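# Summary of the model geometry
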Amino acid sequence: MMYYNKNRLTSAVLAVLAAATVNANADNNGGLELEEVVVTAQKRAESVQDIPIAVSAFDENFLKDSGVVGVDKLMGYTPGLNGTAQQDAESVFTVRGIGTYAFGVGADNSVGMFIDDVPVGRPALIGNSFFDLQRVEVVKGPQGTLFGRNASAGAISVITNKPNVEENSLDVTAAIGNESQEAYEVIGNWAISDKFAARAAVRQEERDGSLENTATGDELNNRDHTNARLALHYKATDNLSVDLVYEQVEIDTRVGFSDVDSAFSGKVAQNRQPTQDIESKRYLAKLTWDLSDSLTLTSNTSYMDYDLTAIPVDVDVSELELLSIREPQEGSQFVQELRLNGALDNVDWFVGTSFIKENIESNYTAEYSDFILTQILLGDMTFCATSGLTCLDNVEQVHLAETDNTSYALYGDLAWNITDNLKLTLGARYTRDEKEFEVNQPVPASALSTLTGDALVKLGTAGLIKDDEAWTSFDPRIVLDYSLAEDVLLYGSVSSGYKSGGFNSDPANTLASGLPQKPAAFDEEEVIAYEVGVKTRFWNGRAQVNVAVYYNDYEDFQVEAGDLVILIENAADVESQGFEVEGTFLLTEHFTLMANYSYLDASFKEGEIEGIDVAGRPLQRAPEHTGALVANYTMPIGELGELTLRADYIYSDEFLFKSENLDLDQDAYGVINARIGFESADGRWGLALIGENVGDEEYLLTRSDVLGQNLGIPAMGELYRLEATLHF
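Residues numbered from 1 in each chain as written. Predicted model: local features only at pLDDT ≥ 70, side-chain atom pairs only at ≥ 80, totals over all residues. Heavy atoms only, no water.

So, on to the pattern of salt bridges. Here the structure, examined in full by the defined rule, presents 28 salt bridges. For Arg199, the salt bridge identified is with Asp132, shortest N-O distance 2.8 Å. Remark: Asp132 occurs in the loop between strand 8 (118–119) and strand 9 (133–140) and Arg199 occurs in strand 13 (residues 196–207); sequence separation between them is 67 residues. Glu205 is the partner of Arg223 in a salt bridge, and the nearest nitrogen-oxygen pair spans 3.0 Å. Placement of Arg223 in strand 16 (residues 223–235) and of Glu205 in strand 13 is noted, with a sequence separation of 18 residues between them. As far as the burial class goes, Arg223 and Glu205 line up, both buried. (Salt bridge = Lys/Arg side-chain N within 4 Å of Asp/Glu carboxyl O. Helix = DSSP H or I, 4+ residues; strand = E, 2+ residues; numbered from the N terminus. Buried < 20%, exposed > 50% of the residue type's maximum accessible area, 1.4 Å probe, protein only.)

Below, the structure written as structure tokens:
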């Protein structure tokens, strides 16, 4: 594993920014300029340099060249964004140290997920749309006003490509590489008329896993994704347009933990072959109606349904039939949003309303050997033979849970240009969340149940138990920004955010207590956020540097504890503070340099997890220092075309996987990616040789202490592939 002085990357990034700034001021050549990135983070199209919010935005070309096929691939390029897609159904994302690690049906996100401006309730589903993208926006800090419920840490907004009524096109990409990598993508656009167009995209990707299961001969932690999307655009009148989208995703992967001490041996021996399947479908109907030159009404109607298998794991990670867990889930989500955008001489505004209806059912199943496990836990391997109790070879413990969630919201935002240089923005959102939750967890017949009077993994119930709760929140924001010069924006903001309460799938009282049982509830989490920043563009548009400094204060923070079963309590207060720097420099006509750096201090002000005082400890998955350098050089090859050389270095400081367990940590590491590409002069074809994790850096995606075992999932090692692209 590679180790670095944590200040080395800070110094390197700041030195690059300083050197480039000096060079910029010394050289005043014109004719070159960075491309403008337009975003809709504030529900209206604006340059990312003109909005008083910390946003990292990535366009289609950057996403393709960087091989971004999921949020996890964006993390190195986005200061303040951390986490991992450790398993397809268990994605963990944090913004400025705040995230959600519970995958049960009764909990919600801290980082809001949005596809084509529509919220996605489960983080596992955000990665399904990472193909044929127009852009991705990562908005940092609480976004209660702009994005709504459960965006108390920030928001990730994925915008897919829309049909183009002006041209027909066909793009075909194929790639092969080591570890049996295969990827195929076909994207077609058909301009049927000047008012009607269709676009279709299909992507298939396969790859071997990071572990070989010698007990079965199969690979674990592999990748097998099939994504398809059909989009239609119809310009019904000069004032009314209709966009329809259908998307389908199928994922079939095998998941496996390994003992951390042997995680990078590449081999495990497990009798179970946990499979993680995801099938989802997404439907979207968007109507955009220009009521006048200054008024636009937008309607988003969306429906999504999915089946997935969460946390499939052979807990004992051995060839013994000891304990395995799986959790199939079925879910559906309906969203209706109406928004009216308007503009006056010196005011831009919008008001809107949203309705969300979500249903999720889970079937958490634990299978274990009563004969082996009972005797191991008692420390007596003769117990089953001498006690008179019947110890079964296989016990199946089933826990059923279902939630019905309903959310209503009213929101509005007004940006008032007080003068040509000074602008005041006021916004607010009122949200009401309602949840109905039920659990049925019968105690199975087993020797263990007889001895303990309860179930093994989750607490048992005497039949079906139910509860319902409602939470409301009013989340305002106020922003003041000042244009110090044409390309220098100063801003400061105060905003609040909210994450709804919910239910654990365990009862509040045990069977043995004799007390009435109902699902254990937890309350909402609230945050007040303060941010100041500067956005600059200089050197005749060839350089830009953005800086944001923030402090976020969380009350009733939803603490997550446990490994096999994660329970949530409002047991802590948390603060997250730091600063982020992003810079892009067009140093010459052919050489572009990008750099980012984040300093993060996210820690518990007070709190207790599983009886451990965590006051002063850092939050999990919250590295103090992170950053990246990206160098891109293009080289014309006569009349043949253009050669592109690119190298990325991505760094993460050390961090904890569990705040309550200091042994579950990850050392600092650095990852190098590289790309050599050639594109023909007419743009009709291209070839690229791509390397990921060049140097084979070893680090863990996740780590847990389960039944006294130190388990983890290793990241993939070196990956190389050859990619060919045809454009018609």
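Having put the structure on the table, let's press on.
Quick look at the packing of aromatic side chains now. Both the distance between ring centres and the angle between the ring planes are used here to describe each pair of aromatic rings. Across all of its chains, the model carries 20 aromatic pairs by this definition. Among the aromatic side chains, those forming a connected cluster through ring pairs are Phe58, Phe62 and Tyr77. Sitting over the face of the ring of Phe62, Arg646 holds its NZ or CZ atom 5.1 Å from the ring centroid. (Phe/Tyr/Trp six-rings, centres within 6.5 Å; stacked < 30°, edge-to-face > 60°. Lys NZ or Arg CZ within 6 Å of the ring centre and 35° of its normal.)

Below, the discussion takes up the confidence of the model for the protein chain. Mean pLDDT for the protein chain: 89, with 94% of residues reaching 70 or above. For the stretch residues 1–27, pLDDT sits under 50, and the model shows 48 contacts to residues farther than four places along the chain or on other chains. (pLDDT = per-residue confidence, 0-100. Contact = heavy atoms within 4.5 Å.)

A separate point is the sheet that holds strand 15 (residues 218–220). Think of a sheet as strands paired side by side through backbone hydrogen bonds, with each pair either parallel or antiparallel. As summarised here, the arrangement of the three strands in space is 15-14-19, forming an open sheet in which the pairing is mixed. Of all the strands in the sheet, the pair left with one neighbour each is strand 15 and strand 19 (267–268). Where strand 14 (residues 211–213) meets strand 15, three bridges bridge the pair, whose relative direction is antiparallel. Paired with Glu212 across the two strands is Glu219, which belongs to strand 15. (Pairing = 2+ DSSP bridges.)

A word on a negative patch on the surface. On the surface, a cluster of negative charge is made up of Glu250, Asp252, Asp277, Glu279, Asp307, Glu330 and Glu361. Counting residues per element, the ones that place at least two in the negative patch are strand 17 (240–254) and strand 20 (275–290). Along the polypeptide, Glu330 turns up in strand 22 (residues 323–343). (Patch = residues over 30% accessible without salt bridge, like charges linked within 9 Å, V, L, I, M, F, W, Y side chains within 5 Å. Areas by Shrake-Rupley, 256 points an atom, 1.4 Å probe, with all protein chains shown as cover. Lys, Arg positive; Asp, Glu negative; His and termini not counted. Charge placed at Lys NZ, Arg CZ, Asp CG, Glu CD.)

A separate point is the environment of Arg229. Checked against the element boundaries, Arg229 lands in strand 16. Given the relative accessible area of 5%, Arg229 is considered buried. In this structure, the C-alpha to C-alpha distance between Arg229 and Pro52, residues 177 residues apart in sequence, is 34 Å. Excluding its chain neighbours within four sequence positions, the residues that come into contact with Arg229 are Ser129, Phe131, Asp132, Leu133, Thr160, Arg199, Ala200, Ala201, Val245, Tyr246, Glu247 and Arg282. Side-chain polar atoms of Arg229 contact the backbone oxygen of Asp132, separated by 3.4 Å. (Polar contact = N/O pair within 3.5 Å; in protein donor to acceptor, adjacent residues only side chain to side chain.)

For the rest of this paragraph, the subject is the nonpolar core. Counting residues in hydrophobic clusters, the biggest one holds 59 residues, and the most contacted among them are Leu74, Phe130, Phe557 and Phe604. Residue contributions to this core peak at five residues, all from strand 31 (residues 543–561). If we ignore the near neighbours within four places in the chain, the residues touching Phe130 are Val68, Val69, Gly70, Val71, Leu74, Val136 and Val158. Among the nonpolar cores identified, the runner-up in size contains 29 residues, and Val317, Leu322, Ile325 and Tyr364 belong to it. (Core = buried A, V, L, I, M, F, W, Y, C linked by side-chain atoms within 4.5 Å.)

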